[in-house]
Amino acid sequence: MRCFLNWPEGRKERGTDMKQLFTFVKKEFKHVMRDRKTLLLLFGLPIVQIVLFGFALTNEIKDARLIIVDYAKDDATQQITEKFRTNSSFNIEESILGAVEIEEAFKRGTVKIALIFPHNFEQELIHEGSAQVQLIADATDPNTATTLVNHANSIIRDYQQALSTNKPAKSILIDTRNIYNPELRGTTNFVPGVMALVLLLICVLMTSVSIVKEKENGTMEILLVSPFNPFMVILAKAVPYFLLSIVNFSVILFLSIFLLDMPLNGSILLLFAASLLLILTALSLGLLISNSTASQQAAMLISLMGMLLPTMMFTGFLFPLENMPTPLQVIANVVPSKWYYIIVKDVMIKGLGFSAVWKEMLILFGMTSFLLIISIKKFKTRLT
Amino acid sequence: MSEDVVIWTNKLTKRFGDFVATNEITFDVNRGEIFGFLGANGAGKTTAMRMLCGLSVPSSGEGMVAGFDVYKQAERIKKNIGYMSQKFSLYEDLTVAENIRFFGGIYGIARKEIKARSTKLLKQLGLEEQKDQLVGALPLGWKQKLAFSVAIFHDPQIVFLDEPTGGVDPVTRRQFWDQIYAASDDGITVFVTTHYMDEAEYCNRISMMVDGYIKALDTPTNLKKAYKAASMDEVFFELARGAKRKGD
C-alpha cells in the first residue's frame, strides 16, 4: 500500500490547510494579474466614472420636508407660511425649535430645508421697510438644495412684491445657508455613489465570473474531487477580489479628496469599515450568482442587470429617492448601495460617527449574512 | 474485501426522487487493473463514478474505495484517487510548471517533493523546454498528456478517467493509452469510461451499464465469446438495444 506512505492515517500535518489555501490564493492572483484587459478595466473604470459623473444632473423636487420656525407669529409670517403650504414642492412642518433641534433634524435627514422668521418680523417690515428671514438647506445633495432654495426664494419674493404694489417698497432680506456643503459641489453627491458602484461591480461581477469559469472549464470538478475543502475554494476566490477592492476603494478615496476636494469630516476608519462591509455584501452576492449559473455569460449578465442597474437607479446619487413613487422607494431598500451611500455621505460630509450610522451598517450586515447563508446552502446541495 | 481489491461495491444505488440513476450495482476492481466502464449516455456511468469519487452520497448499498467507506470517509477517498474528466481541465492561463505546482499543492505535497517530481515528470513528457509556457499555447495532445500526468501526480491508488479521449485524434489516443498502461504497470488502478469500443478492447475487464444496471462484466475476450460477437461494437449494440432511456 505505497500510497499510505504518502498519507499516513490519522496524521495530518499542521498548517497543511493554510498552505493549500495559500497555494490557491497565489493561483487566483496569477489569473487576475494575467488578465490585463480586465485589470485595466477595473482600475480605469472608477477614474472614468468620477470624471463622467462630474456633470451634475438637475432634479425636480416634490414634497420636500420644510421646517418653519416662526419666532414672530404675526400676520406677515402667517401669510408667507400659507404660501408655502399651498405649494406642492414643500411639505410643511411648523414648530418652535431651537437651533440645536434644527440641527438634529437635519442630521437625521428628516428635513431638507428650514425657514426661520426672527422675532418682530412684521414690525420691522412695516416700520423699517425691511426684515430678515433665514433659509437653511441641507446641501449634501447640492442639486436638491439649490432647487429648494431657489423655489423658497421665489415664494418669498412673490409675497414681497404683492406687499409692495401700492405701498412704499418693502424688502425682505433672505439669508441663505447651505449647511454641510456650502459650495454646493456635486462631487459630494456622486463620489459616494461611484464608490458604491465600483465596489459592487468588481466584487459581484469578478467573483461570480471567476467561480463560474472554473465550472465551465471543468477545473471545478477536479477541485471537488481533490481533498481541498470546497469552502476553501470560495474563500480563496474571494481573497484577491477583496484585496483588489480595497486598493480600488483607496484610489477612489484619494482621487476624490485630493483631486475633487471632497471633504472627509468623519472617521476614515469608520468609512473603511463600512466599505469592507459593502465589499463583503458584494462578495456574497457574487457567490450566490455563481452558484446559480452555469456559464460566464449568464453570470455576467445577471451581475450587470441585477447589480449595475439597480445600483445606478436606487442608490440615490443619480435620481433622488424622495421623488420616486412609493413602490420604487420600497424596492430601493433592498439595494445594498442605498445604505452604503447614506453611510458615506453621513461620515464624509456630515462628519457623523458610528452612533449615527449603526442602523445602516446593521442592515448591510444583515444582508451579507442572509446572502452568505443562502449561497452556502446552495453550494452544499450542489455537492450531493 | 481482500488486499488486492481497491474498489468494491454491493448493491450501490443512487436515486433522484423516483428516478433510479444507478440500480444496485455490484462489482469489484483489482489493484493495477484497467477497468472499463461502458454504457450509453444516460446509463448511469457518471452517477456511479461520482459516488465512487466521494462527490455524491449513495442512496443505498455499500461501497469501499481504496479501503475507505464511500459514506463516511469521502475525504480519505479523495486523497487516494486521481480524476480526469472529458473536459480538458488544466488552467490555460497558467504555465505548465505552475499547473503542476498548483495541483501538487492542493493535494498537500511538500514543496521540495513537488519540485523533484515535476522535474522528473517534465523530463518524461519531454516538456522541459515548455515548462514556462502557458498551457493554453500547447497542442491538444500534449495538454491531454499533461492533464493525465497531473491527475496521477500525487501518486493515487486509483485514477478515474471520465471519457478522457473525447475529441482527440487516433494517434493521440493511442499515445494516451500508452500512458494509461504505464500507470497501470506502476500499480495504479485505472477506472475509465469511454464511448470508443476499440478502447474497450484495451481494458483488462469491462462492465456494461444499461438503464442503471450492470448488464455484463467480464474480460473483452469472454464477452465477445458470450455474445458470439466479432468485436466489442457488436457486444455493445446487443446489450444497449434493450435500453429504454434515451441519451441525454
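Residues numbered from 1 in each chain as written. Chains lettered and ligands numbered in written order. Predicted model: local features only at pLDDT ≥ 70, side-chain atom pairs only at ≥ 80, totals over all residues.

### Some thoughts on the overall build of chain B
So, step 1. Looking only at helices and strands, chain B features nine helices and ten strands.
So, step 2. Over its C-alpha atoms, taken along the principal directions, chain B stretches across nearly 50 × 40 × 35 Å.
So, step 3. Counting the 248 residues in chain B, one finds 44% classified as buried.
So, step 4. Across chain B, the fraction of contacts at a sequence separation of at least 24, relative to all contacts at a separation of at least 6, is 69%. (Helix = DSSP H or I, 4+ residues; strand = E, 2+ residues; numbered from the N terminus. Buried ≥ 20, exposed ≤ 12 C-beta atoms within 10 Å, placed from the backbone. Contact = placed C-beta atoms within 7 Å.)

### Overview of the overall build of chain A
So, step 1. Scanning chain A from N- to C-terminus turns up 15 helices and five strands.
So, step 2. Burial statistics for chain A: of 384 residues in total, 38% are counted as buried.
So, step 3. Restricting to contacts in chain A with at least 6 residues of sequence separation, those with at least 24 account for 82%.

### Some remarks on helix α4 (residues 75–85) of chain A
All names here are of chain A.
So, step 1. For α4, the set of buried residues is Ala 76, Thr 77, Ile 80 and Phe 84. Take α4 and look down its axis: the buried residues cluster within an arc of 95°, on one side only. Residues of α4 that are exposed and angled more than 90 degrees away from the buried face: Asp 75 and Glu 82. (Arc of directions from axis to C-beta.)

### Re the nonpolar core
So, step 1. In terms of nonpolar packing, the biggest core is built from 155 residues, with Leu 199 and Cys 203 of chain A together with Val 159, Phe 160, Val 190 and Phe 191 of chain B touching the most fellow members.
So, step 2. Every residue in contact with Phe 160 of chain B, bar those within four places of it in the chain, is listed here: Met 49, Leu 52, Cys 53, Ile 81, Tyr 83 and Phe 191 of chain B. (Core = buried A, V, L, I, M, F, W, Y, C linked by C-beta atoms within 7 Å.)

### Points about the pairing of strand β3 (residues 113–117) of chain A
Residue and element names in this part refer to chain A.
So, step 1. With respect to burial, β3 is a largely interior element, five of its five residues being buried.
So, step 2. Neither face of β3 is open: one carries Ile 113, Leu 115 and Phe 117, the other Ala 114 and Ile 116, and all of them are buried.
So, step 3. Pairing between strand β1 (residues 64–70) and β3: five bridges, direction parallel. Bridge pairing in β3 links Ile 68 to Leu 115. (Pairing = 2+ DSSP bridges.)

### Brief notes about the sheet that holds strand β4 (residues 60–65) of chain B
So, step 1. With antiparallel pairing, the four strands of this open sheet are ordered in space as β2-β1-β4-β5 (chain B). Each edge of the open sheet carries a strand with a single partner, namely β2 (19–30) and β5 (68–69) of chain B.

### Re the interface of chain A and chain B
So, step 1. At the junction of the two partners, chain A supplies 23 residues and chain B supplies 24 residues.
So, step 2. Of all elements in the fold, only α1 (3–6), α2 (16–34) and α9 (219–225) of chain A reach the threshold of two or more residues within the side of chain A that touches chain B.
So, step 3. Examining the composition of the side of chain A that touches chain B, we find that eight residues originate from one element, α2 of chain A, more than from any other.
So, step 4. Split by residue class, the side of chain A that touches chain B holds nine nonpolar, ten polar and four charged. (Nonpolar A, V, L, I, M, F, W, Y, C, P; charged D, E, K, R; others polar.)

### Here's the deal with the sheet that holds strand β10 (residues 213–218) of chain B
All names here are of chain B.
So, step 1. One open sheet holds the six strands; their spatial order is β6-β7-β8-β3-β9-β10, and the pairing between them is mixed. Each edge of the open sheet carries a strand with a single partner, namely β6 (81–84) and β10. The mean angle between the axes of side-by-side strands here comes to 15°, regardless of whether they run parallel or antiparallel.
So, step 2. The pairing of strand β9 (residues 205–210) with β10 spans five bridges and is classified as antiparallel. Bridge assignment links Ile 206 to a residue of β10, and that residue is Asp 218. (Axes fitted to C-alpha atoms, helices over the stretch in contact; angles between N-to-C directions.)

### Thoughts on the confidence of the model for chain B
Detailed reading of predicted coordinates is not advised where the pLDDT is low.
All names here are of chain B.
So, step 1. The pLDDT averaged across chain B works out to 88; a share of 97% of its residues lies at or above 70.
So, step 2. Mean pLDDT across the elements of chain B ranges from a minimum in helix α9 (residues 232–240), with 83, to a maximum in strand β8 (residues 189–193), with 93.
So, step 3. Predicted complex metrics record ipTM = 0.85 and pTM = 0.72. (pLDDT = per-residue confidence, 0-100.)

### As for unusual backbone geometry
All names here are of chain B.
So, step 1. In this structure, Lys 11 is a non-glycine residue whose phi angle is positive, near 50°.
So, step 2. The residue Lys 11 is located in strand β1 (residues 5–16) in this model.
So, step 3. Unlike most non-glycine residues, Ala 66 shows phi in positive territory, near 55°.
So, step 4. Structurally, the position occupied by Ala 66 is in the loop between β4 and β5.

### Overview of the packing of α4 of chain A against helix α6 (residues 121–128) of chain A
All names here are of chain A.
So, step 1. One way to put it is that α4 packs onto α6 with a least axis distance of 6 Å and a crossing angle of 110°. Between α4 and α6, the angle falls in the class roughly perpendicular. In this structure, α4 contributes Asp 75, Ala 76 and Thr 77 to the contact, and α6 contributes Phe 121, Glu 122 and Leu 125.
So, step 2. When its residues are assigned to classes, the contact of α4 with α6 shows three nonpolar, one polar and two charged. (Parallel < 35°, antiparallel > 145°, perpendicular 65-115°, else oblique.)

### With respect to the environment of Asp 158 of chain A
Residue and element names in this part refer to chain A.
So, step 1. Tracing the backbone through its elements, the reader meets Asp 158 in helix α7 (residues 142–164).
So, step 2. What makes Asp 158 exposed here is the crowd of 12 C-beta atoms within 10 Å.
So, step 3. Each C-alpha atom, one on Asp 158 and one on Ile 80, is 9.5 Å from the other, the two residues being 78 residues apart in sequence.

### Brief notes about the environment of Ala 105 of chain A
Residues and elements named next belong to chain A.
So, step 1. Mapped onto the secondary structure, Ala 105 falls in helix α5 (residues 99–108).
So, step 2. As a C-alpha pair, Ala 105 and Pro 263 span 158 residues in sequence and 22 Å in three-dimensional space.
So, step 3. Not counting chain neighbours up to four residues away, the residues in contact with Ala 105 comprise Ile 67, Thr 110 and Val 111.

### Examining the packing of helix α5 (residues 140–151) of chain B against helix α6 (residues 170–185) of chain B
All names here are of chain B.
So, step 1. Two elements in contact, α5 and α6, have axes whose closest approach is 10 Å; the angle formed by their N-to-C orientations is 20°. Classified by the interaxial angle, the pair formed by α5 and α6 is roughly parallel. As for the relative orientation of α5 and α6, their crossing is right-handed in sense. Residues Gly 141, Gln 144, Lys 145 and Phe 148 of α5 touch α6, and the partners they reach there are Thr 172, Gln 175, Phe 176 and Gln 179.
So, step 2. Residues that form the contact of α5 with α6 fall into these classes: two nonpolar, five polar and one charged. (Left-handed = near helix turned anticlockwise from the far one by under 90°.)

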